[in-house]
Amino acid sequence: MNFTKELVDDFALKLLIGLREEENQMVLDEFEEIEHHMDLICQIPNISSVEPMTHPPVLFDETLREDDFVEEMPVEDVLCNAAHKNLSSVIVPKVVKE
Amino acid sequence: MKSAIKKLQEDYAAHRVTPLQVFQDTLLKARENQEKCNSFVTLFDHVEESSQRGDLQNVVYALKDNFSTKGILTTASSNTLSNYVPVYDATVYQKLKDAGAVLIGKTTMDEFGLGGTGLTAHTGYVFNPLDTTRQAGGSSAGSACVVSSGVVPFAIGSDTGDSVRKPAAYCGIVGYKPTYGLISRYGLFAFASSMDHVGVLTRSVYDAAMVVDVIKGKDEKDMTSIDSSSMHLVESLVHANHQPKKLFYIKEIMDITKYSKPSDELKMTFSLFEQLTKKAKEKGISIVGESFDEDLLRAIASTYTCLTCAEATSNLSNLTSILFGPQEEANDVNEMMMAHRTKGFSSLIKRRLIIGSYVLQKENQEKYFINAQRVRRLIVEKMNALFSKYDGLILPCSEGGAKYIDESKNHTSDDLRILENHMAIGNFGGFPSITIPCGFVKGLPVGINITGKVLDDCNVLEIAARLEEMIAYQNPLVKEEM
């Protein structure tokens, strides 16, 4: 793949991250090598016929809990780290523009 | 069996020391350690006796800064959480409180656990207490430092690739990551959920067993936790019957001819391993070589990078500054979130997340992400086949002792990628895995790692304890009775 500054910025933007010039360059410098190493994954013979493993094969208890009422955390606790709030709401910059 | 925790408890019982004396001494040592190593993000001014009469009553400890602690600053060593004070306790912290353990502070780590050096915290580098020009290893860097320096007998860490076991090796202590699900992760900040484990750092295998006996157990708040009520780690260590054990090492990793320019450190580490193999045989532990597909070995590091970066991309998406974290002035919500993440994340985190974004792009998903999950299965299945013949895998943890902080002084070679990353196998399969000190190379401690099959923690710890006794390693900073 031909990595460009614009492509790297696009990957970053999808994550709501901005890159400084030097950070973008760092990613560009690393990416050829990263892709080379990533390609090792694809070089395993017959890899496409293997079932993907998403988590360790440990036997979890998959029983659903009872649908009982439980006391949850008070709203004021949940919001205590928010920078701006009003009663049970978080205040953010206006979303709908004039 | 040596045990700093048992020794402290005996001292309390015999009235040789009071908790207050221990706390004062601990805080003094902790401040000195903070000056020297930068091990803490938060270090308390004073601590109080516990009224809980549990198994760890008034035993002091430190907790990695990615465990939620109600009312105590918890940053995960990131600027994005530099002012975050949790409103609930992680289950591990709650269990330790219930057992009477006394927390003295929260330890520095690689930001969100995404690093193996201890050099990426928002509060600066963590320095190895045995040589401050060296890395402590990461990501549980501060936790390893405070145990190695004798500040506390145990600390809690988390391990996604080798984040408990590598710093333990670099700092000359024990690092134990139990079977996936044995310890609840409720309140542990997620990095890569399919590989994150809680682990402990101690100066002996016995102490690791003691602490895990306290913190393990099924937790309604963590659906991936498992019932282990029939597993008693300390009891099984004490009543071990010393049956013969059979371990294997991976021939392709231990063959020195596979390394184009082997360093002196590598040769000395391999020589220590050879000596250990001979000694172990005399004590009923046979260690033999087994072959492992080299394509799979070469793919370990890439598989780890691909899966963890992808999972981190999702797990760190809640860092928006809307509910927590320092907020930037902005004209709209997107701009506000972007400013927070751009300013808050270090360059390393940004690079890792971009790799995650790249492998998750529609056109790359099958090629990288799904194929990495397939490689994970092949590695885990191969390991399980080997575990049907052996009690465990044994290998050195790295090329030699702790790496320099100044990266330009370190050996960098593609040849070393497998040796330096093999412990991630323990996370791929959720296998119990422990690192113990094995001796010194050029004056620095080096570790040996033992990994066993899922839920075979008692066996893994028994083997580690027998090897520990055989090696008779002495921590240069803490002279302990054997």
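Look above for the structure.
Residues numbered from 1 in each chain as written. Chains lettered and ligands numbered in written order. Predicted model: local features only at pLDDT ≥ 70, side-chain atom pairs only at ≥ 80, totals over all residues.

**Observations regarding the overall build of chain B**
Here is step 1: Across its full length, chain B carries 16 helices and eleven strands.
Here is step 2: Expected size for 482 residues packed as a compact globule is a radius of gyration near 23 Å; at 21 Å, chain B falls within 12% of this value.
Here is step 3: Sorting the 482 residues of chain B into buried and exposed places 57% on the buried side.
Here is step 4: Across chain B, every contact between residues at least 6 apart in sequence was considered, and the portion connecting residues at least 24 apart equals 77%. (Helix = DSSP H or I, 4+ residues; strand = E, 2+ residues; numbered from the N terminus. Rg over C-alpha atoms; globule rule 2.2 N^0.38 Å. Buried ≥ 20, exposed ≤ 12 C-beta atoms within 10 Å, placed from the backbone. Contact = placed C-beta atoms within 7 Å.)

**Quick look at the pairing of strand β11 (residues 444–451) of chain B**
All names here are of chain B.
Here is step 1: Most of β11 sits out of view: eight of its eight residues are buried.
Here is step 2: What you see with β11 is no split at all: L444, V446, I448 and I450 on one side and P445, G447, N449 and T451 on the other are buried throughout.
Here is step 3: Where strand β9 (residues 392–396) and β11 come together, four bridges link them in antiparallel fashion. The residue bridging P396 from the neighbouring strand is I448, located in β11.
Here is step 4: Connecting strand β10 (residues 433–441) to the antiparallel partner β11 that follows it, the hairpin turn spans two residues, and K442 within it adopts a positive phi of roughly 50 degrees. (Pairing = 2+ DSSP bridges.)

**Quick notes on helix α1 (residues 5–14) of chain A**
Here is step 1: Among all positions in α1 of chain A, only V8, F11 and A12 of chain A are buried. Buried residues of α1 of chain A fall within an arc of 95 degrees about the axis and therefore sit on the same side.
Here is step 2: In this fold, the buried residues of α1 of chain A make contact with α2 (21–42) of chain A together with α12 (347–360) of chain B.
Here is step 3: L16 of chain A, located one to two residues past α1 of chain A, shows a positive phi value of around 55 degrees. (Arc of directions from axis to C-beta.)

**Describing the environment of G150 of chain B**
Residue and element names in this part refer to chain B.
Here is step 1: Mapping G150 onto the fold places it in the loop between α4 (141–148) and β4 (154–159).
Here is step 2: Residues G150 and A385 lie 235 residues apart in sequence; the distance between their C-alpha atoms is 40 Å.
Here is step 3: Those residues in contact with G150 that sit more than four places away from it in its chain are K29, L477 and V478.

**With respect to helix α11 (residues 333–344) of chain B**
Here is step 1: Across its twelve residues, α11 of chain B extends 16 Å between first and last C-alpha, which sits within 8% of the 16 Å expected from 1.5 Å per residue.
Here is step 2: Within the sequence span of α11 of chain B, burial applies to M336, M337, M338, H340, R341 and G344 of chain B. (Expected span 1.5 Å × (residues − 1).)

**Focus on the interface of chain B and chain A**
Here is step 1: Each partner contributes to the interface: chain B provides 61 residues, whereas chain A provides 45 residues.
Here is step 2: Broken down by secondary-structure element, the contributors of at least two residues to the side of chain B that touches chain A are α10 (294–315), α11, α12 and α13 (362–387) of chain B.
Here is step 3: Broken down by element, the residue count for the side of chain B that touches chain A peaks at twelve residues, all from α13 of chain B.

**Section: unusual backbone geometry**
Residue and element names in this part refer to chain B.
Here is step 1: With omega at 15 degrees, the peptide bond leading from G138 into S139 counts as cis.
Here is step 2: Tracing the backbone through its elements, the reader meets S139 in the loop between β3 (102–107) and α4.
Here is step 3: One non-glycine residue with positive phi stands out, namely A76, at about 55 degrees.
Here is step 4: Tracing the backbone shows A76 in the loop between β2 (60–64) and α3 (91–98).
Here is step 5: We classify A76 as buried; it has 28 C-beta atoms within 10 Å.
Here is step 6: For A472, which is not glycine, the phi dihedral falls at a positive 50 degrees.
Here is step 7: On the neighbour-count criterion, A472 (9 C-beta atoms within 10 Å) is exposed.

Keep in mind these values describe shape, not function.
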